[in-house]
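Structural characterization, general
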Amino acid sequence: MKSLKEKILELKKNKNVVILAHYYQEPEIQEIADYVGDSLGLSQEAEKSNAAIILFAGVHFMAETAKILNPNKKVILPDLKAGCSLAESCPPDIFRKFIEAHPNHIVITYVNCSAEIKALSDIVCTSSNALKIVESVPKNTPIIFAPDKNLGRYIMQKTGRDMLLWDGSCIVHEAFSLDKLIELHKIHPDAKIIAHPESETHILETASYIGSTAGMIDFVKSNSSNKFIVATEAGILYKMQQEVPNKTLIPAPSQEDNTCACSECGFMKMNTLQKVYDCLLNESPEVTVSEEIRKKALIPIERMLELSK
């Protein structure tokens, strides 16, 4: 009898499907994916895919981005309820009014937002290219940055730019406990702390390296240290450990700290291998974006991809 993994790989081949998975997915999903990456890498893979169907093992806004870039391909998501606390913190109607209240601002939005928010934007960015995108805007041009205030603050501190920040955040990256992180570092004083810029300022101030998920993986590979405390969603540790099998990786502790002593995204973990199989078999649930929104959202995404080359 064929295993679930074997059935998925067979269906994938027969239906000409590409499976894109985010670093925060369960290891068994990462194993059957054609490409595992962060938001920018996944956007770029979606853009150049020749598959008839894109199965996006991630959250809703990521699948929407793939659909915006691939209007003629079917985009499916294992669980339509796999949302994002950050994306949900920025409702389009309220954000539109916010923009209207601050005319003459360039609107830069972090990719972790809905298609409607992207459609209201001038440029989209990811955590790996946010500094480059902001620095591409003339210094005398005011900027609205949304929806992540922590990433926005980090960019302001790095660039010296004054930006108008939307008050949104990621519950996963806000869950890290500074006190517990300090205690953990006392136990492992030789460990370097690395953090995602969606984390709060007091966590970032402890870090030897701040960067995107892909950037963090590159850092642990190239750095001479053999031990790292990792302040981002714990799903990254699977891929990271594969890249550095002889190094010690420790998840940063969350405030809850009841079960896994780390911070996990419940939305990302809604996707399961069984749901991936069902999704492939039925070619649903499908993610759609209206043509009006898609065309408007495509412009700032293409600007980002052009600036990221």
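Now for a quick tour of the structure. (Residues numbered from 1 in each chain as written. Predicted model: local features only at pLDDT ≥ 70, side-chain atom pairs only at ≥ 80, totals over all residues. Heavy atoms only, no water.)

Read across the sheet, four strands follow the order β10-β9-β11-β12 without closing on themselves; strand pairing throughout is parallel. Either end of the sheet is taken by a strand with one partner, and the two such strands are β10 (209–210) and β12 (248–251). Sheet analysis places strand β11 (residues 227–231) next to β12, joined by four bridges and oriented parallel. Within the sheet, the bridge partner assigned to Ile-229 lies in β12 and is Ile-250. (Pairing = 2+ DSSP bridges. Helix = DSSP H or I, 4+ residues; strand = E, 2+ residues; numbered from the N terminus.)

Given 3.6 residues to a turn, an α-helix orients residues that are three or four positions apart in the same direction. Burial runs high along helix α4 (residues 60–69): nine of the ten residues are buried. The set of residues buried in α4 consists of Phe-61, Met-62, Ala-63, Glu-64, Thr-65, Ala-66, Lys-67, Ile-68 and Leu-69. (Buried < 20%, exposed > 50% of the residue type's maximum accessible area, 1.4 Å probe, protein only.)

Time to look at the side chain of Glu-64. Inspection of the secondary structure puts Glu-64 in helix α4. For the buried Glu-64, no salt bridge exists, and the shortest N-O distance to an oppositely charged side chain is 5.4 Å, to Lys-118. (Lys, Arg positive; Asp, Glu negative; His and termini not counted. Salt bridge = Lys/Arg side-chain N within 4 Å of Asp/Glu carboxyl O.)

As a further point, take the packing of α4 against helix α15 (residues 291–307). Between α4 and α15, the shortest axis-to-axis distance is 9 Å and the interhelical angle comes to 95°. Here α15 runs roughly perpendicular to α4, going by the angle between their axes. Contact residues: Thr-65, Lys-67, Ile-68 and Leu-69 in α4; Arg-294, Ala-297, Leu-298, Ile-301 and Leu-305 in α15. (Axes fitted to C-alpha atoms, helices over the stretch in contact; angles between N-to-C directions. Parallel < 35°, antiparallel > 145°, perpendicular 65-115°, else oblique. Contact = heavy atoms within 4.5 Å.)

Taking strand neighbours across the sheet as the criterion, the four strands line up as β6-β5-β7-β8 in an open arrangement whose pairing is parallel. On the outer flanks of this sheet lie β6 (123–125) and β8 (163–165), each paired with one strand and no other. This sheet shows a mean twist of 25° between the axes of neighbouring strands, independent of strand direction. Strand direction decides the pairing type here: strand β7 (residues 143–146) and β8, joined by three bridges, are parallel. When the bridges of β8 are listed, Ile-143 appears paired with Met-163. On top of the sheet, helix α6 (residues 92–100) reaches β5 (106–110), β7 and β8; it is set at about 165° to β7, its chief contact.

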